[in-house]
Amino acid sequence: MRVLILGGTTEATALSGALAERRDIDAMLSLAGRTSAPAESALPTRVGGFGGIEGLAVYLQAEGIEAVVDATHPFAAQMSRHAVAACEQAGVPLLVHTRPAWTPLAQDRWTAVPDLEGAVAALGREPRTVFLTVGRLSLPAFAAAPQHTYVVRSIDAPEPGELPPRHELVLARGPFDLAAETTLMRRFGVDVVVTKNSGGKATAAKLEAARTLELPVIMVDRPPPSGAQVEHRLPAVLDWIEAHRPTP
Ligand code: NAP
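Residues numbered from 1 in each chain as written. Predicted model: local features only at pLDDT ≥ 70, side-chain atom pairs only at ≥ 80, totals over all residues. Heavy atoms only, no water.

Novice: Please explain the nonpolar core as it appears in this structure.
Specialist: The nonpolar side chains of soluble globular proteins are, as a tendency, buried together. In this structure, Leu123, Leu132, Phe142, Tyr150 and Val194 are the most contacted members of the largest nonpolar core, which totals 19 residues. Looking at this core, the elements that each hand over two or more residues are helix 4 (116-123), strand 7 (129-133), strand 8 (149-154), strand 10 (192-196) and strand 11 (217-220). Considering every element that reaches this core, the biggest residue donor is helix 4, with four residues. When neighbours within four sequence positions are excluded, Leu132 is seen to be in contact with Leu139, Phe142, Tyr150, Val151, Val152, Arg153 and Val194. (Core = buried A, V, L, I, M, F, W, Y, C linked by side-chain atoms within 4.5 Å. Buried < 20%, exposed > 50% of the residue type's maximum accessible area, 1.4 Å probe, protein only. Helix = DSSP H or I, 4+ residues; strand = E, 2+ residues; numbered from the N terminus. Contact = heavy atoms within 4.5 Å.)

Below, the structure is given as structure tokens:
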């Protein structure tokens, strides 16, 4: 059975590992090619866009793909929308495999905002020291609020033009733990955290650290879901693939 995984997440890496061990499944991982050194994959991997909905539909047919698992990041909304349209066009079943969103505890001081512009506005006028973990491609939005100092954490070094004028750069790839996150926030004198609601364990420690230090968090809400069926757990994804195995 030919399966395509749309990846770029720890969920996609785990699913790739599980499918690589299966002789009855011929799976392929697809990455956008945004990070220079992506996490190692256990599966054959293709890199780069498909060329929109039409390109993906043609790819699915040409490669004889029989099921697609969209395990892209919850904020990769365009790819997820394209997957819905292309799978419908090509008559291929589609599942979204993603992590649940984070939810605040009673003592948390979160401000939910709908998008990056909302996060910039929520920072306010007074200069603050902001721990910014929104991903390299989302940094340019913060040029609109140059009065703040940003502690920017990123996997790859941003281009100089992508960074806000006042910044400290921390290059690192998760997972991160509570002790290290607390130390980092104290070291830079962070007074507010800005993050996307990515969910998952690998980067949740910053929220625990904010709770410990009683810092406010500006939480960018997820874009609307693509409408395809969603499974959060890997065993449920494997069951779904099994249920969509074409009959010989
Ligand atoms: P996006 O805005 O939804 O997608 C933009 C375009 O990039 C898509 O239309 C598609 O190009 C291409 N693309 C995206 N994911 C792809 C994949 N897995 N395989 C092949 N092409 C892909 O996505 P994004 O927010 O730029 O994210 C890009 C990648 O980074 C995703 O794979 C995502 O899982 C990962 N990621 C994103 C975030 C985030 O915050 N957005 C965080 C962590 C990881 P075509 O139209 O040409 O097919």
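Right, picking up where we left off after that structure.
Novice: I'm lost on the environment of His148 in this one. Help?
Specialist: With respect to the helices and strands, the residue His148 is situated in the loop between strand 7 and strand 8. When the C-alpha atoms of His148 and Thr13 are compared, they prove to be 36 Å apart, with 135 residues separating the residues in sequence. The residues touching His148, leaving out its near neighbours within four places in the chain, are Leu123, Gly124, Arg125, Glu126, Pro127, Arg128, Val130 and Arg166. Polar contacts involving the side chain of His148 include one to the main-chain carbonyl oxygen of Glu126, which spans 3.4 Å. Polar side-chain contacts of His148 include one of 3.4 Å to the side chain of Gln147. (Polar contact = N/O pair within 3.5 Å; in protein donor to acceptor, adjacent residues only side chain to side chain.)

Novice: Even after reading the chapter, I still don't get the pattern of salt bridges, so can you show me in this structure?
Specialist: Opposite charge on two side chains permits them to pair, given that their charged atoms come into close proximity. Counted according to the given criterion, the structure contains 10 salt bridges. Between Arg2 and Glu63 there is a salt bridge, and its shortest N-O distance comes to 2.8 Å. Of this pair, Arg2 sits in strand 1 (residues 2-6) while Glu63 sits in the loop between helix 2 (52-62) and strand 4 (67-70), and the two are 61 residues apart along the sequence. For Arg99, the salt bridge identified is with Glu11, shortest N-O distance 3.0 Å. Of this pair, Arg99 sits in the loop between strand 5 (94-97) and strand 6 (110-113) while Glu11 sits in helix 1 (residues 10-20), and the two are 88 residues apart along the sequence. Across the pair, Glu11 and Arg99 agree in class, each one buried. Taken together, the shared-partner salt bridges connect Arg22, Asp24, Glu242 and Arg245 into one network. (Salt bridge = Lys/Arg side-chain N within 4 Å of Asp/Glu carboxyl O.)

Interpretation note: all reported values are geometric properties and have no functional meaning in isolation.
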